[in-house]
Amino acid sequence: MVSPFARSAAPLAITGLLLGGLALTSCGARPEGGAGDSASGAPQELLLVSYAVTKGAYDRILPKFEADWKARTGQTINVKTSYGGSGSQTRAIIDGLDADVATLALAGDVLKLQEAGLVQPGWEKDLPGGAIITHSVVAFITRDGNPKGVRTWADLAKPDVTVVTANPKTSGGARWNFLGLWGSISQTGGSEAQAKAYVSSVYRNVENLPKDAREASDVFLKRGQGDVLLNYENEAILAKRSGDLKAPFIVPEVNIRIEGPVTVIDRNVDRKGTRKAAEALATYLQSEPAQEIFAEEGFRPVSPGVWSRVKGRFAPVKQLFSAGDFGGWKQINDTFFGRDGVWDQLFSSSR
């Protein structure tokens, strides 16, 4: 088997992980080093850094990975975790959080790690589908009975509607919300000027900006603030399951395909000697066992086989657009969320 992470010509033995399980192999790979990758079988530790709303899924996935790794290699592995807003987690890794693997809310945050020299270019080619491990869409969560009649993107701009959404400066989910708002105009025939006017009007209805998607859920569901919450569909599904949400939630028929990527933090794993296990974990997240758990936790799986079995659980979407429709994450970061970008302009004008 050829390792999906083989981007260097250095012929080193690495441990690859098949989508259905682990397999030992010897093939080309990026440089690795340190005692952790030795054949001694000594216990090893990894740090997985992720965004807040994935915790429920990883609480179930990681023990399965640890057990599978032990069964296949004889080595004990312990995966530690860190959760927070995707933007905040990205900054923490850049500032020294010693992550081996990062599963962030958007590829734009991985690009920041690449620009900081922590992740090698081409990371998105390490795994199928651009190294994406989960999909989702934007959902509207309303008060019981939906008293403000919020059903479409246009309803969010009504002057008597208070909207809850996280801060795009710290939350990946909030950036997806922003693109969903913008794309509801630009991807349905509207002009840039119309999109800017509409998004500005929505943010005038936002009273505060929680730091991440999970805190936004708490603000709406537990503190009772706002008329409608914009959040991941998986957060809405979780709220229904937990009983925090009694009312049905709304998935707009025109929506953005939210894509959650995984990457190995190259600089860290090569220094720590954890590349084999880190690559195995990253690949395991696209396996059917992991994808089934993601689906049970409300994420739309990227595995075609799993999706075919579970798609009936999810609301149909007539028109899906993606980050690629905005020019990809480098352009998105520069245009919308960079210094003096569209977000800064709209935020200052909407306050």
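Residues numbered from 1 in each chain as written. Predicted model: local features only at pLDDT ≥ 70, side-chain atom pairs only at ≥ 80, totals over all residues. Heavy atoms only, no water.

Some thoughts on the pairing of strand β3 (residues 44-51)
We apply this condition: Think of it in three bands: with a 1.4 Å probe and only protein chains considered, a residue is buried below 20% of the maximum accessible area for its type, exposed above 50%, and partly exposed in between. The numbering of helices and of strands both runs from the N terminus, where a helix is a DSSP run of H or I of at least 4 residues and a strand a run of E of at least 2. When DSSP finds at least two bridges between two strands, those strands are taken to pair.
Summarising burial for β3: seven of the eight residues are buried, a large majority. The pairing of β3 with strand β4 (residues 77-84) spans eight bridges and is parallel. Its bridge partner being in β4, L46 is matched across the sheet by V79. Bridging between β3 and strand β5 (residues 101-103) involves three bridges; their strand directions are parallel. Within β5, the residue paired with L48 across the bridge is V101.

Describing the packing of aromatic side chains
Convention followed: Side-chain rings of Phe, Tyr and Trp (the six-membered ring for Trp) are treated as a pair once their centres are within 6.5 Å; stacked means planes under 30 degrees apart, edge-to-face means over 60, and tilted covers the remaining angles. Two thresholds decide whether a charge sits over a ring: the Lys NZ or Arg CZ must be within 6 Å of the ring centre and within 35 degrees of the ring normal.
Scanning the entire structure with this criterion turns up 18 aromatic pairs. Between Y51 and Y232, the ring centres sit 5.9 Å apart and the planes meet at 45°, which makes this aromatic pair tilted. Taken together, the residues span a long stretch of sequence, with Y51 in strand β3 and Y232 in strand β9 (residues 228-232) at a distance of 181 residues. On the numbers, 5.1 Å between centres and 90° between planes, the contact of F140 with W153 is edge-to-face. With a gap of 13 residues between them, F140 in strand β7 (residues 138-142) and W153 in the loop between β7 and β8 (163-164) connect regions that are remote in the sequence. Among the residues examined, F140 registers a relative accessible area of 0% and is labelled buried. Judged by its relative accessible area of 7%, W153 falls in the buried class. By way of ring pairs, the aromatic residues F178, W182, Y203, F321, F326, F336, F337 and W343 are connected into one cluster. Its end group placed over the ring of F220, R143 keeps NZ or CZ at 3.7 Å from the ring centre.

Section: the environment of V138
The condition is simple: Any two residues whose heavy atoms approach within 4.5 Å at even a single point are treated as in contact.
For V138, the position within the fold is in strand β7. Overall, the relative accessible area of 0% leaves V138 in the buried class. Apart from residues no more than four positions distant in its own chain, V138 is found in contact with W153, W176, N177, N231, I250, V251, P252, N255, I256 and I258.

Observations concerning the side chain of N268
Examined against the element boundaries, N268 turns out to sit in helix α9 (residues 266-272). Relative accessible area serves as the criterion here: at 5%, N268 is assigned to the buried category. The contact partners of N268, leaving out residues within four places of it in the chain, are L97, D98, A99 and L118.

A few points about the packing of helix α2 (residues 86-94) against helix α3 (residues 107-115)
We apply this condition: Only the stretch in contact is used when fitting a helix axis, every axis being a line fitted to C-alpha atoms; angles between N-to-C directions are given from 0 to 180 degrees. Angle categories are assigned with fixed cut-offs, so that under 35 degrees is roughly parallel, over 145 is roughly antiparallel, 65 to 115 is roughly perpendicular, and the rest are oblique. By convention the crossing between two helices is left-handed if the near helix lies anticlockwise of the far one by an angle smaller than a right angle, and right-handed if it lies clockwise. The classification used treats Ala, Val, Leu, Ile, Met, Phe, Trp, Tyr, Cys and Pro as nonpolar, Asp, Glu, Lys and Arg as charged, and all other residues, Gly among them, as polar.
Closest axis-to-axis distance for the α2/α3 pair is 10 Å, and the angle between their directions is 15°. Taken as axis vectors, α2 and α3 run roughly parallel relative to one another. Of the two elements, α2 crosses α3, and the hand of that crossing is right-handed. Contacts between α2 and α3 pair S86, G87, T90, I93 and I94 from the former with D109, K112 and L113 from the latter. Of the residues assigned to the contact of α2 with α3, the class counts are three nonpolar, three polar and two charged.

With respect to the pattern of salt bridges
Rule in force here: The salt bridge criterion pairs a side-chain nitrogen of Lys or Arg with a carboxyl oxygen of Asp or Glu, the two atoms within 4 Å.
Under the defined criterion, the tally for this structure stands at 25 salt bridges. Measuring nitrogen to oxygen at the nearest pair gives 3.1 Å for the salt bridge that ties E297 to R60. With E297 in the loop between α11 (288-296) and β12 (300-301) and R60 in helix α1 (residues 55-73), the pair connects residues that are 237 residues apart, well separated along the chain. Given a relative accessible area of 14%, E297 falls into the buried group. What makes R60 partly exposed here is its relative accessible area of 33%. Its salt-bridge partner being K272, residue D98 comes within 3.9 Å of it at the nearest N-O pair. Highlighted residues: D98 in the loop between α2 and β5 and K272 in helix α9, separated in sequence by 174 residues.

Quick notes on helix α13 (residues 329-337)
Under the convention used in this document: The arc in question is the one spanned by the directions pointing from the helix axis to the C-beta atoms.
All buried positions along α13 are accounted for by W329, I332, N333, F336 and F337. The buried residues of α13 occupy an angular sector of 105° when the element is viewed end-on, so they sit on one face. Residues of α13 that are exposed and point over 90 degrees away from its buried face: K330 and D334.

A look at the packing of helix α5 (residues 172-186) against α13
Orientation of α5 relative to α13, taken along the N-to-C sense of each, is 85°, at an axis distance of 12 Å. With respect to their mutual orientation, α5 and α13 come out roughly perpendicular. Each of R175, W176, F178, L179 and W182 in α5 lies in contact with α13, whose residues at this interface are W329, I332, N333, F336 and F337.

Considerations on the pairing of β9
Here β9 lies mainly inside the structure; five of its five residues are buried. Relative to β9, β7 runs antiparallel, the two sharing five bridges. Counted as the bridge partner of V138 is Y232 from β9. The sheet contact formed by β8 and β9 spans two bridges and is parallel. Within β9, the position partnered with V163 by the bridge is V228.

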